[in-house]
Amino acid sequence: MSSSRPALFFIAFISTLAVGLASAQVATQPSNVEQHIRNIQNGLVPAVLIEGQSPSTQTAKLSDRMAALHVPGVSVAVLHDGKIEWARGFGVTKTGGPSVSSSTLFQAASISKPVTAVAVLRLVQSGKLNLDTDVNVYLKSWKVPGNQFTAKRKVTLRELITHTAGVTVHGFEGYAKNEPVPTLVQVLNGEKPANSPPIRVDVEPGTIWRYSGGGFVITQLLLQDVTGKPFPALMQQMVLGPMGMIHSTYLQPLPPNRLPEAATPYDGDGKPIPGGPHTYPEMSAAGLWTTPSDLLQFAMHIQQALAGKSASVFSAATAKEMLTRGMGQWGLGIETGGSKEHPYFTHGGANEGFMSDFVAYDTGDGAAVMTNGNNGGQLAAAVVRTIAHEYNWPDFEPAHRTLAKIDPKIFDAYVGDYQLAPGFVLTISRNGNRFFARATGQPPLELFPSSDHDFFATENDIQIAFVTNNQGQANELVLHQGGADHHAPRIHKPH
C-alpha cells in the first residue's frame, strides 16, 4: 500500500465519535507558540473555501476531524526559522491506550525513500557509487534482468531514485502478523511468499517518470551488496545516527522491546489492523519507523547543507543535486515544489493503518504529520494546510469555489453508481436537500453545486461534472482531481 502521497479521495466528516485529545509537550513553549498550536487545534482549514461565507465558519476542530475519520492518534512537528519550534501528540496510540507523545513511533511508509536516498548520496560523495553507472555493475546477489527495454540503455541509480528507470511495482501491502515474510530476492522476483508481482523494467529507462517502489527495492539490495551490511544497520550508521534521528529505525518488524513506543494502526472504520503493524521487507521503500521530530531533523540537515552551514552529512553541492528538479518535478528520492523564490521538498507516506505527510522549504520552515489510521491522509493534509495558513507559507492555501443555487430535485437525475476503475465504484446519493458521493470502502463526502451539472467538495479539492443524455439523465461523470480527469460511466440507477 506504500505510496508517494496519502490517498485523498472522498473522505468527509461522518460521525462524532469521542476521541481523547491529549498532548505531550517536548519543552516549555513561549505563549505565542502555544497560540499557534491552539489555532491549529481549533481551526483546521478545509481544502476548499466557499466564497461569501466566513472562513471561520468553515474550519473544524482537530479532535472532531479525528473522530469523524476514525483516526485515534496524530503526531505533529513544526519547523520554523530553521529550528523545531514545537512537537506534540494528539489522541491516543490505541483505543483505551496511552496518549500519543512527540516520541511515539509511526511507520513512515514511502517517506522511507528520501531517507534511503541520503545513504545513496553519501556513498556517491565518497566515491563508492556512481549515479550514472549500470546498477548491475554493483549488484551481486541479483541482477536486473535484461530485455528489449534495457538493450540500448541500462538502469542507473539516478533513474531508480528519481522514478525514471521504467521499473514496475508502485507500492507494497506488507505482511500481516504470522504471515511468512519473503526475502528481498523473492520480492524482486515476485516469488512466494511475496504478495507483489516481479519487479522488472517494462519501459526504456530514462524515457518517462513513473512512481516505483520497486526501484527502491533494487536500490536496497544494491546498498547491501556494496557495503556488505544489513540495511537497518547501514541506515543507522550512514543516515539516522549522523542526522540525529534518535528514535528512528528501519528494523522490520519492530523489535518487541520497542513495540510499546509505537502507535497501533487502524483501518478506515476505526478497527485495529489485525495483528498490528504490517512487516515490510521492502525497507528502503516503506520500512522506516520514525517520529515527526526525526523527520524534521532530516529536513534541517538538508537545509543546513544546502546553505553551506554544515557538511556533517553531505556537501552543499550534493544537497543541491538532491533537490534539483528533474522529470516529474522530482529530485533524487524526493518530490520538489514551490516557486523559484520559495522552493520546497516533500513526500507523503501510506502504509496499512499509517498515513503521513512531510514538507520543508529549502530555507527555514516545514512540518511533518503522522497518523495511525487509514483515513489519516486527509487529516495530515489538513494539518499541513492549516500550519501553512498559520505561519503564512506561500503555498498550500485552500482553493475557493462559488456556490450556485439550484433546485435539489436536479440531484435525482444523477443518483446512482459510477465505475471509476475495476472494483472501485463511486455512489452518488441524495438525502433531502443534501448531495453525497461515496467511493468504495470510504466514508461519504458531501457535494456542493457550482452549476446544475457541476459539483465540488470542500474536504478534498475535487470537482465532479455529470454528463447527461437527451432526457436529462446522467450516463457518465467526470471526476477532476490533482489536475487530471477521470471518466466514470454510470453502471446502476436506483429503482
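Quick caveat, the model's predicted, so the values are computed rather than measured.

A. Just the overall build of the chain, in detail. In terms of regular secondary structure, the chain is built from 11 helices and 18 strands. Summarising its shape, the C-alpha atoms of the chain cover approximately 70 × 60 × 50 Å along the three principal directions. Looking at the chain residue by residue over its 495 residues, the buried ones come to 56%. For the chain, long-range pairs separated by at least 24 residues make up 66% of all intrachain contacts whose partners lie at least 6 apart in sequence. Of the roughly 19,700 Å² of accessible surface on the chain, a fraction of 52% belongs to carbon and sulfur atoms. Distance from the positive charge centre (36 side chains) to the negative charge centre (39 side chains) of the chain: 4 Å.

B. The arrangement of the environment of Ala151 in detail. Position of Ala151 among the secondary structure elements: in the loop between helix H3 (112-125) and helix H4 (157-161). Note on Ala151: relative accessible area 54%, which makes it exposed. Taking the C-alpha atoms as reference points, Ala151 and Glu204, 53 residues apart in sequence, are found 8.6 Å from one another.

C. A look at the sheet that holds strand E7 (residues 343-351). The strand order E3-E2-E9-E8-E7-E6 describes an open sheet built from 6 strands, whose pairing is antiparallel. Looking at the sheet topology across the chains shown, the edges are occupied by strand E3 (83-91) and strand E6 (335-338). Within this sheet the neighbouring strands show an average axis-to-axis angle of 15 degrees, counted without direction.

D. Looking closely at the side chain of Asp365. Position of Asp365 among the secondary structure elements: in the loop between strand E8 (354-361) and strand E9 (366-371). Here Asp365 occupies a buried position and makes no salt bridge, while the nearest side chain of opposite charge, Lys309, is found at 11 Å. A polar side-chain atom of Asp365 sits 3.1 Å from a polar atom in the side chain of His80. Those residues in contact with Asp365 that sit more than four places away from it in its chain are Leu79, His80, Asp81, Gln303, Ala360, Tyr391 and Trp393.

E. Inspection of the confidence of the model for the chain at higher detail. Averaged over the chain, the pLDDT score is 92; the fraction of residues at 70 or greater is 94%. Here residues 4-29 scores under 50 on pLDDT; set against residues more than four positions off or in separate chains, the count is 101 contacts.

F. Seen up close, the packing of H3 against helix H6 (residues 213-227). The interhelical angle for the contact between H3 and H6, taken along N-to-C directions, is 40 degrees, at an axis separation of 11 Å. On the basis of the axis angle, H3 is oblique to H6. Like other packed secondary-structure pairs, H3 and H6 cross with a definite hand, here left-handed. Where H3 approaches H6, its residues Lys113, Thr116, Ala119, Val120 and Leu123 are matched on the opposing element by Gly213, Phe216, Thr219, Leu223 and Thr227. A class-by-class count of the residues in the contact of H3 with H6 yields 5 nonpolar, 4 polar and 1 charged.

Analysis parameters
- Residues numbered from 1 in each chain as written.
- Predicted model: local features only at pLDDT ≥ 70, side-chain atom pairs only at ≥ 80, totals over all residues.
- Heavy atoms only, no water.
- Helix = DSSP H or I, 4+ residues; strand = E, 2+ residues; numbered from the N terminus.
- Buried < 20%, exposed > 50% of the residue type's maximum accessible area, 1.4 Å probe, protein only.
- Contact = heavy atoms within 4.5 Å.
- Areas by Shrake-Rupley, 256 points an atom, 1.4 Å probe, with all protein chains shown as cover.
- Lys, Arg positive; Asp, Glu negative; His and termini not counted.
- Charge placed at Lys NZ, Arg CZ, Asp CG, Glu CD.
- Pairing = 2+ DSSP bridges.
- Axes fitted to C-alpha atoms, helices over the stretch in contact; angles between N-to-C directions.
- Salt bridge = Lys/Arg side-chain N within 4 Å of Asp/Glu carboxyl O.
- Polar contact = N/O pair within 3.5 Å; in protein donor to acceptor, adjacent residues only side chain to side chain.
- pLDDT = per-residue confidence, 0-100.
- Parallel < 35°, antiparallel > 145°, perpendicular 65-115°, else oblique.
- Left-handed = near helix turned anticlockwise from the far one by under 90°.
- Nonpolar A, V, L, I, M, F, W, Y, C, P; charged D, E, K, R; others polar.

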